[in-house]
Amino acid sequence: MNDTTKIWRVDAFKRVVREYEAAVAAHGVVVPIITVAESLGVSHQRVGSLLDEGRIASVMVTGRRYVKAESVFAYLAAGPGKPGRPKKLSKVMNSVRWAAKC
């Protein structure tokens, strides 16, 4: 490796560190998605779906998505949701709702 390549890599790494520090200053602690997944005991795809649903928040740093730690704490504090599909309303309840709209 020549000196020019070393200098380029050092400059590139400094840029990454500056961007990460700026994200931490603006958004607090940010954590990689895979770390959040391992901590929650879920797959990284599940963390991605939580991000897409807006249940936890993320920030882009150096072209990668990092999760805001505070949003994970808020998600955990909210507690687990009800498992399974929502219960189907009876026909009586549907007719009551329809009558209320009229």
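Residues numbered from 1 in each chain as written. Predicted model: local features only at pLDDT ≥ 70, side-chain atom pairs only at ≥ 80, totals over all residues. Heavy atoms only, no water.

Visitor: For this particular structure, what's the right way to read the pattern of salt bridges?
Guide: Where side chains of opposite charge bring their charged atoms close, a pairing between them can arise. Counting across every chain of the model gives three salt bridges. Between Glu53 and Arg46 there is a salt bridge; the shortest N-O distance is 3.7 Å. Take Arg46: its relative accessible area is 30%, and that puts it in the partly exposed class. Linked through salt bridges whose partners overlap, the residues forming this network are Arg46, Glu53 and Arg55. (Salt bridge = Lys/Arg side-chain N within 4 Å of Asp/Glu carboxyl O. Buried < 20%, exposed > 50% of the residue type's maximum accessible area, 1.4 Å probe, protein only.)

Visitor: How should helix α1 (residues 3–27) be read in this particular structure?
Guide: Since the α-helix packs 3.6 residues into each turn, any two residues three or four apart lie on the same face. Here α1 spans 36 Å end to end across 25 residues, near enough to the 36 Å set by a 1.5 Å rise per residue. Trailing α1 by a residue or two, Gly28 shows a phi angle of about 85°, which is positive. (Helix = DSSP H or I, 4+ residues; strand = E, 2+ residues; numbered from the N terminus. Expected span 1.5 Å × (residues − 1).)

Visitor: Whenever I open this one, the side chain of Ser71 confuses me. Can you help?
Guide: Checked against the element boundaries, Ser71 lands in helix α4 (residues 69–78). By relative accessible area, Ser71 is classed as buried at 13%. Looking at Ser71, its side chain comes within polar contact range of the main-chain nitrogen of Ala57, at 3.0 Å. The residues touching Ser71, leaving out its near neighbours within four places in the chain, are Arg55, Ile56 and Ala57. (Polar contact = N/O pair within 3.5 Å; in protein donor to acceptor, adjacent residues only side chain to side chain. Contact = heavy atoms within 4.5 Å.)

Visitor: I would appreciate a short explanation of the sheet that holds strand β2 (residues 58–61) in the present structure.
Guide: The strand order across the open sheet formed by three strands is β1-β3-β2, and the pairing between neighbours is antiparallel. This sheet does not close on itself; its edge strands, each paired only once, are β1 (30–32) and β2. Each strand axis lies, on average, 45° off the axis of its neighbour in the sheet, ignoring direction. Both β2 and strand β3 (residues 64–68) contribute to a ladder of four bridges, which runs antiparallel. (Pairing = 2+ DSSP bridges. Axes fitted to C-alpha atoms, helices over the stretch in contact; angles between N-to-C directions.)

Visitor: I tried to follow the packing of aromatic side chains on my own but got confused; where do I start?
Guide: Both the distance between ring centres and the angle between the ring planes are used here to describe each pair of aromatic rings. Under the criterion given, the structure shown has one aromatic pair. Pairing Tyr20 with Tyr66 gives two aromatic rings, centres 5.8 Å apart and planes at 65°, and the pair type is edge-to-face. Of this pair, Tyr20 sits in helix α1 while Tyr66 is found in strand β3, placing the two residues 46 residues apart along the sequence. Residue Tyr66 is classed as buried on the basis of its relative accessible area, which comes to 16%. (Phe/Tyr/Trp six-rings, centres within 6.5 Å; stacked < 30°, edge-to-face > 60°.)

Visitor: Help me understand the nonpolar core, please; the structure alone is not making it clear to me.
Guide: Grouped burial of nonpolar side chains is what soluble globular proteins tend to show. Counting eleven residues, the largest nonpolar core consists of Val31, Ile33, Val36, Ala37, Val47, Leu50, Leu51, Ile56, Val67, Ala69 and Val72. Every element with two or more residues in this core is listed here: α2 (33–40), α3 (44–53) and α4. In this view, Val47 contacts Ile33, Val36, Ala37, Val42, Ile56 and Val67; residues no more than four positions away in its chain are not counted. Grouped together as the second largest cluster of nonpolar side chains are five residues, Val30, Val59, Val61 and Tyr66 included. (Core = buried A, V, L, I, M, F, W, Y, C linked by side-chain atoms within 4.5 Å.)

Visitor: Is there a simple way to think about α4 in this case?
Guide: All of the buried residues along α4 are Ala69, Ser71 and Val72. Buried positions in α4, seen along its axis, are confined to an arc of 160° and lie on one side of it. Among the exposed residues of α4, those pointing more than 90 degrees away from its buried face are Glu70, Phe73, Ala77 and Ala78. Buried residues belonging to α4 abut β1, α2 and β3. (Arc of directions from axis to C-beta.)

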